[in-house]
Amino acid sequence: MDKVTRFGVSLEPALLKKFDGLLKRKGYASRSEAVRDLVRQALNEEGISSPKGNVVGTLTLLYDHDASHLSDRMTHLQHEYHQLISSTTHIHIDHHRCLEVLVVSGKASQIRKMADSIRALKGVLQGELVMASAKGV
Ligand code: NI
């Protein structure tokens with residue numbers, strides 16, 4: 001392993017407890033190992049290949065359709081980025097919540113911008129973007 005640098009992380013006790021639970025469930029040997037994976041994951045989402053590289057992926061959204069004008073805004077944004085969206089699947093989970101999965105392809109930077117705009121809408125409870133290089137790794 002390359003030389004490593006240690007750094008301190010401050011967390012509220014409740015958050016640390018949840019983090020330790022996550023480590024246990026996922027089978028990490030140490031907090032350092034888990035933090036390394038989280039950092040890699042974040043960097044991967046942020047900088048996958050080059051910003052101009054073509055990627056394929058999914059944006060999985062959980063949202064409350066009763067939030068003010070969310071359905072209209074969601075549809076409007078998806079039309080704005082229609083060239084990046086190959087398909088969408090919408091599932092009505094209960095009276096209020098919807099699960100929507102967008103299959104996306106295009107330039108990583110544009111897909112990230114679209115995902116950020118959609119995730120910023122009021123009423124979007126979760127939004128996870130997964131991208132993979134279209135060229136293969
Ligand atoms: Ni729905």
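Shown above is the structure to which this text applies.
The text that follows walks through the structure, step by step, so that each part is easy to find. Please read these numbers as outputs of a predicted model, since none were measured by experiment.

## Topic: the pairing of strand β3 (residues 97–107)
Alright, step 1. In this structure, strand β1 (residues 54–64) lies alongside β3, joined through eleven bridges in antiparallel fashion. Bridge pairing links Thr58 to Val103 in β3.
Alright, step 2. Here strand β2 (residues 85–92) runs beside β3; their pairing, made up of seven bridges, is antiparallel. Note on β3: the bridge partner recorded for His90 is Glu100.

## Looking at the coordination of the nickel ion
Alright, step 1. Only His90 (NE2), His92 (ND1) and Cys98 (SG) from the protein reach the nickel ion as donors, at distances of 2.0 to 2.4 Å.
Alright, step 2. Here the donor residues for the nickel ion map to a single chain with the spacing H-x1-H-x5-C.
Alright, step 3. The exposed category is assigned to His92, whose relative accessible area is 61%.

## Digging into helix α1 (residues 13–26)
Alright, step 1. For α1, spanning 14 residues, the distance from its first C-alpha to its last is 20 Å, which sits close to the expected 20 Å at 1.5 Å a residue.
Alright, step 2. Backbone geometry just after α1 places Gly27 at a positive phi near 80°.

## Notes on the sheet that holds β3
Alright, step 1. Taking strand neighbours across the sheet as the criterion, the four strands line up as β2-β3-β1-β4 in an open arrangement whose pairing is antiparallel. Sheet topology places β2 and β4 (124–133) at the edges, where each strand pairs with a single neighbour. Mean inter-strand twist for the sheet, computed between neighbouring axes without regard to direction, equals 10°.
Alright, step 2. Contacting β1, β2, β3 and β4, helix α3 (residues 70–80) crosses the sheet at an angle of about 170° to β1.
Alright, step 3. Where helix α4 (residues 108–119) meets the sheet, its contacts fall on β1, β2, β3 and β4, and the angle it forms with β4 comes to roughly 170°.

## Comments concerning α3
Alright, step 1. Every buried residue belonging to α3 is among Leu70, Met74, Leu77 and Gln78, and all of these are buried. In an axial view of α3, the angular spread of the buried residues amounts to 100°, which keeps them on one side of the axis. Across from the buried face of α3, at angles greater than 90 degrees, the exposed residues are Asp72, His76 and His79.
Alright, step 2. Those residues of α3 that are buried are in contact with β1, β2, β3, α4 and β4.

## What about a nonpolar patch on the surface?
Alright, step 1. On the surface, Phe7, Val9, Leu11 and Leu15 cluster together into a nonpolar patch covering about 400 Å² of accessible area.
Alright, step 2. Relative to the assigned elements, Phe7 resides in the segment before α1.
Alright, step 3. Given the relative accessible area of 61%, Phe7 is considered exposed.

## Topic: the layout of surface pockets
Alright, step 1. In this model, the largest pocket occupies a volume close to 540 Å³.
Alright, step 2. Surrounding the largest pocket, 16 residues form its lining, Phe7, Val9, Arg31, Ser32 and Val35 being those nearest its centre.
Alright, step 3. Looking at the lining of the largest pocket, the elements that each hand over two or more residues are α1 and α2 (31–47).
Alright, step 4. Among the elements that line the lining of the largest pocket, the one with the most residues is α2, at six residues.
Alright, step 5. For the lining of the largest pocket, the per-class residue count stands at ten nonpolar, three polar and three charged.

Calculation criteria
- Residues numbered from 1 in each chain as written.
- Predicted model: local features only at pLDDT ≥ 70, side-chain atom pairs only at ≥ 80, totals over all residues.
- Heavy atoms only, no water.
- Pairing = 2+ DSSP bridges.
- Helix = DSSP H or I, 4+ residues; strand = E, 2+ residues; numbered from the N terminus.
- Donors = N, O, S within 2.8 Å, 3.2 Å for Na, K, Ca; no water.
- Buried < 20%, exposed > 50% of the residue type's maximum accessible area, 1.4 Å probe, protein only.
- Expected span 1.5 Å × (residues − 1).
- Axes fitted to C-alpha atoms, helices over the stretch in contact; angles between N-to-C directions.
- Contact = heavy atoms within 4.5 Å.
- Arc of directions from axis to C-beta.
- Patch = residues over 30% accessible without salt bridge, like charges linked within 9 Å, V, L, I, M, F, W, Y side chains within 5 Å.
- Areas by Shrake-Rupley, 256 points an atom, 1.4 Å probe, with all protein chains shown as cover.
- Salt bridge = Lys/Arg side-chain N within 4 Å of Asp/Glu carboxyl O.
- 1 Å grid on protein atoms, 1.4 Å probe; cavity = no way out; pocket = protein on both sides within 12 Å on 5 of 7 lines; lining within 4 Å.
- Points joined across faces, edges and corners; volume = space filled by probe spheres on them.
- Nonpolar A, V, L, I, M, F, W, Y, C, P; charged D, E, K, R; others polar.

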